[in-house]
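A look at the structure
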Amino acid sequence: MKISFHGADRGVTGSCHLVECAGKRILIDCGLYQGSGELDEENAKPFGFDAAGIDYVLLTHAHLDHCGRLPLLAKRGFRGEIITTSASRELARLVMLDAAHLMEGDVRHRDGRTGHDRASRDAGEPLYATLDAMNCLDYFGRTAVYSQVLEVTAGVHATFIDAGHILGSASIFLELEEQGHSASVLFSGDLGNTGHLLLRNPATPPHADNVVMETTYGDRLHKPLGPSVDEFFEAITETFQRGGNVIIPTFALERAQEILFFLKQGVTQGRLPNSTQVYLDSPMAISATEIFRRHPECLEPATAKLFREGNDPLDLPGLHFARETAESVAINSVHGGAIIMAGSGMCTGGRIRHHLQHNLGRADSSVVFVGYAAVGTLARRIIDGAKQVTIFGQNIQVSARIYTINGFSAHADEAELLAWQKQTGAKRTFLVHGEEDTMKQFAAQLGDTEVVMPLPNQAFEL
């Protein structure tokens, strides 16, 4: 029995871990690297294992940095079975198809800009195409149900445990047997922040010999949700008073729905004008919002009850969905008094870049960041105080007011991560999915466990 690490090793994206047991090779996640060089060198490198030799993939959740290289895995020869929860299956389909569409669009944009010949265009093929993403869907097999033990194969049992991060997200507990030896490994996936109103809190983890856990916010505490919501409403009110727009780079899964939830509350409670105009400019976020309504098993009971009673907590009077490109472009004619939500949350792609292009240089507008921004992303540069950024080849002065509101985070903070790890009673704890300095600070607080910070492609006996 062996475990090896092939992504999110001393980094925050690209989660990918390999377990070998009983003659089978089981991958936990196969995510895309995001940040500097996104969709380029890092993602195109060899996996560190033979894609055709993978028998199963167990998917913790549908964020791009956990599922985004699955189409590439299939393109390179994977013919096994992908197992995940029902909600994650639906969301992963959205995410992978959207990623393929963006990759194809980026290649067309580069080709059109450079005017290279056919040979040059071939050299600039996307990491994977829409057809690859569609083909990958054929390998989604059995559906995991929270807290039910599933026999992946002889000698390998998996239990998916609610991680409370996004709809359908799970920690995965593996019980392994091989030639009379047994071991257990618990993969945290991404753990949710407790006390949010849409999704249930992360479930109590089981005891495990080994734990592989994320450390995204392993060095800080989140601001409480209540004051964060207050700050959010204040940012909107102040921007409207200046006559500008509020631009919110939004992750399509969970964050977009949570922001809609609070905007509905703000209007209902009279904290925002009833005439507030909200534009959700993200086909993926719109579809994800529809998927939310189909999965009450993931929701807080009070929120699920609202859906059942027909009192949709994600709908408000001034909400506009922009699916088509023409609808997105039309938003550019709105010069004030609008809340514009678009992906991606890290501003590395998607329609948000167009809205930043039109509003970032306006002193009367605001950009409100409500999620994590990895090093090297456009969002991180703006948050870190860049005076000028380049978008679509155009240099743009950062004149808009910038807000960073951390209390909306869908990730557990330092205290929650420490409490979760302690509950596992793990003899050995592998730290992944975090910046290296953060991991070191978090590791220093762990007691009664052997702490390992694996390097890329490093393997360990179980």
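Our structure's up above, just so we're on the same page.
Values in this document were obtained by computation on a predicted structure and should not be read as measured data.

Cut-offs and rules
- Residues numbered from 1 in each chain as written.
- Predicted model: local features only at pLDDT ≥ 70, side-chain atom pairs only at ≥ 80, totals over all residues.
- Heavy atoms only, no water.
- Buried < 20%, exposed > 50% of the residue type's maximum accessible area, 1.4 Å probe, protein only.
- Helix = DSSP H or I, 4+ residues; strand = E, 2+ residues; numbered from the N terminus.
- Arc of directions from axis to C-beta.
- Contact = heavy atoms within 4.5 Å.
- Pairing = 2+ DSSP bridges.
- Axes fitted to C-alpha atoms, helices over the stretch in contact; angles between N-to-C directions.
- Salt bridge = Lys/Arg side-chain N within 4 Å of Asp/Glu carboxyl O.
- Core = buried A, V, L, I, M, F, W, Y, C linked by side-chain atoms within 4.5 Å.
- Parallel < 35°, antiparallel > 145°, perpendicular 65-115°, else oblique.
- Phe/Tyr/Trp six-rings, centres within 6.5 Å; stacked < 30°, edge-to-face > 60°.
- Lys NZ or Arg CZ within 6 Å of the ring centre and 35° of its normal.

Notes on helix H15 (residues 436-443)
- Looking at H15, one finds that the buried residues are Thr438, Met439, Phe442 and Ala443. End-on view of H15: buried residues confined to an arc of 130°, all on one side of the axis.
- Check the buried side of H15 and you find it contacts strand E11 (210-214), helix H14 (414-424), strand E20 (428-432) and strand E21 (450-452).

Some remarks on the sheet that holds strand E5 (residues 81-85)
- The seven strands lie next to each other as E6-E5-E4-E3-E2-E1-E22, forming an open sheet whose pairing is mixed. Since the sheet does not close on itself, it has two edges, and those belong to strand E6 (140-144) and strand E22 (459-461), each with one partner. Strand-to-strand twist of the sheet, defined as the mean angle between neighbouring strand axes without regard to direction, takes the value 25°.
- Bridging between strand E3 (residues 24-28) and strand E4 (residues 56-58) involves three bridges; their strand directions are parallel. Across the sheet, residue leucine 27 finds its bridge partner in E4, namely valine 57.

Considerations on the pattern of salt bridges
- Taken as a whole, this structure holds 21 salt bridges when the rule is applied.
- Of the charged contacts, one joins aspartate 364 and arginine 362 as a salt bridge, the two residues approaching to 3.0 Å between their closest N and O atoms.
- The partly exposed category is assigned to aspartate 364, whose relative accessible area is 23%.
- One salt bridge connects glutamate 435 with arginine 380, and the closest N-O pair in it is separated by 3.5 Å.

A few points about unusual backbone geometry
- Between glycine 343 and serine 344 the backbone carries a cis peptide bond, its omega angle lying at 10°.
- By the element assignment, serine 344 lies in the loop between strand E15 (338-342) and helix H12 (352-359).
- Its identity is not glycine, yet aspartate 29 carries a phi of approximately 70°, on the positive side.
- Its location among the elements puts aspartate 29 in the loop between E3 and helix H1 (41-44).
- The class for aspartate 29 is buried, based on a relative accessible area of 2%.
- Phi angles above zero are rare outside glycine, and phenylalanine 392 is one such case at about 50°.
- When its relative accessible area of 37% is taken as the criterion, phenylalanine 392 is described as partly exposed.

A short note on the environment of leucine 94
- Looking at the secondary structure, you find leucine 94 in helix H4 (residues 86-114).
- Beyond its immediate chain neighbours, meaning those up to four positions away, leucine 94 contacts Met284, Ser287, Ala288 and Ile291.

Brief notes about the side chain of histidine 17
- Mapped onto the elements of the fold, histidine 17 is located in strand E2 (residues 17-21).
- The exposure class assigned to histidine 17 is buried, which follows from its relative accessible area of 5%.
- Sequence-distant contacts of histidine 17, defined by excluding residues within four places in its chain, comprise Ser4, Phe5, Gly7, Ile26, Leu27, Ile28, Asp29, Phe187, Val212 and Val432.

Regarding the nonpolar core
- In this structure, Leu58, Leu70, Leu73, Leu174, Phe232, Leu263 and Met341 are the most contacted members of the largest nonpolar core, which totals 109 residues.
- Take this core: its biggest share by element is 10 residues, from H4.
- In this structure leucine 73 touches Leu27, Cys30, Phe47, Phe49, Ala51, Val57 and Phe78, once residues within four positions along its chain are discounted.
- One finds Ala338, Leu360, Leu378 and Ala379 within the second-largest nonpolar core, a separate group that totals 22 residues.

Regarding the packing of helix H7 (residues 225-242) against helix H8 (residues 255-268)
- Two numbers describe how H7 lies on H8: the axes approach to 11 Å, and their chain directions differ by 70°. Classified by the interaxial angle, the pair formed by H7 and H8 is roughly perpendicular. Where H7 approaches H8, its residues Leu225, Val229, Phe232, Phe233 and Ile236 are matched on the opposing element by Ile259, Phe262, Leu263 and Gly266.

Digging into the sheet that holds strand E16 (residues 366-369)
- Here six strands make up an open sheet; going across it, the order is E14-E13-E15-E12-E16-E19 and the pairing parallel. Looking at strand neighbours, the two that pair on one side only are strand E14 (319-321) and strand E19 (401-404), the edges of this open sheet. Across the sheet, the axes of successive neighbouring strands diverge by a mean angle of 20°, strand direction being ignored.
- In this sheet, E16 lies alongside strand E12 (residues 246-249) in parallel orientation, the contact comprising two bridges. Bridge assignment links valine 246 to a residue of E16, and that residue is serine 366.
- Sitting on the sheet, H8 is in contact with E12, strand E13 (277-281), E14 and E15, with an inclination near 160° to E15.

With respect to the packing of aromatic side chains
- With the rule as written, the count across this model stands at nine aromatic pairs.
- Consider the rings of phenylalanine 262 and phenylalanine 408, whose centres lie 5.8 Å apart with planes at 55°: the pair is tilted. Note that phenylalanine 262 is positioned in helix H8 and phenylalanine 408 in the loop between E19 and H14, a separation of 146 residues in sequence.
- With relative accessibility at 0%, the residue phenylalanine 408 sits in the buried group.
- Clustering of aromatic rings is evident, with ring pairs tying together Phe232, Phe233, Phe261, Phe262 and Phe408.
- Here arginine 76 stacks its cationic end above the ring of phenylalanine 47, 5.0 Å away from the centre of that ring.

Here's the deal with the pairing of strand E1 (residues 2-5)
- One ladder, built from three bridges, connects E1 with E22; its direction is antiparallel. Note that in E22 the partner of lysine 2 across the bridge is glutamate 461.
- By the bridge criterion, four bridges tie E1 to E2 in an arrangement that is antiparallel. Counterpart to lysine 2 in the pairing with E2 is glutamate 20.

Focus: the environment of glycine 7
- Following the sequence through the fold, glycine 7 ends up in the loop between E1 and E2.
- Among the residues examined, glycine 7 registers a relative accessible area of 0% and is labelled buried.
- Residues contacting glycine 7, with those up to four places away along its chain left out, are Thr13, Gly14, Ser15, Cys16, His17 and Tyr33.

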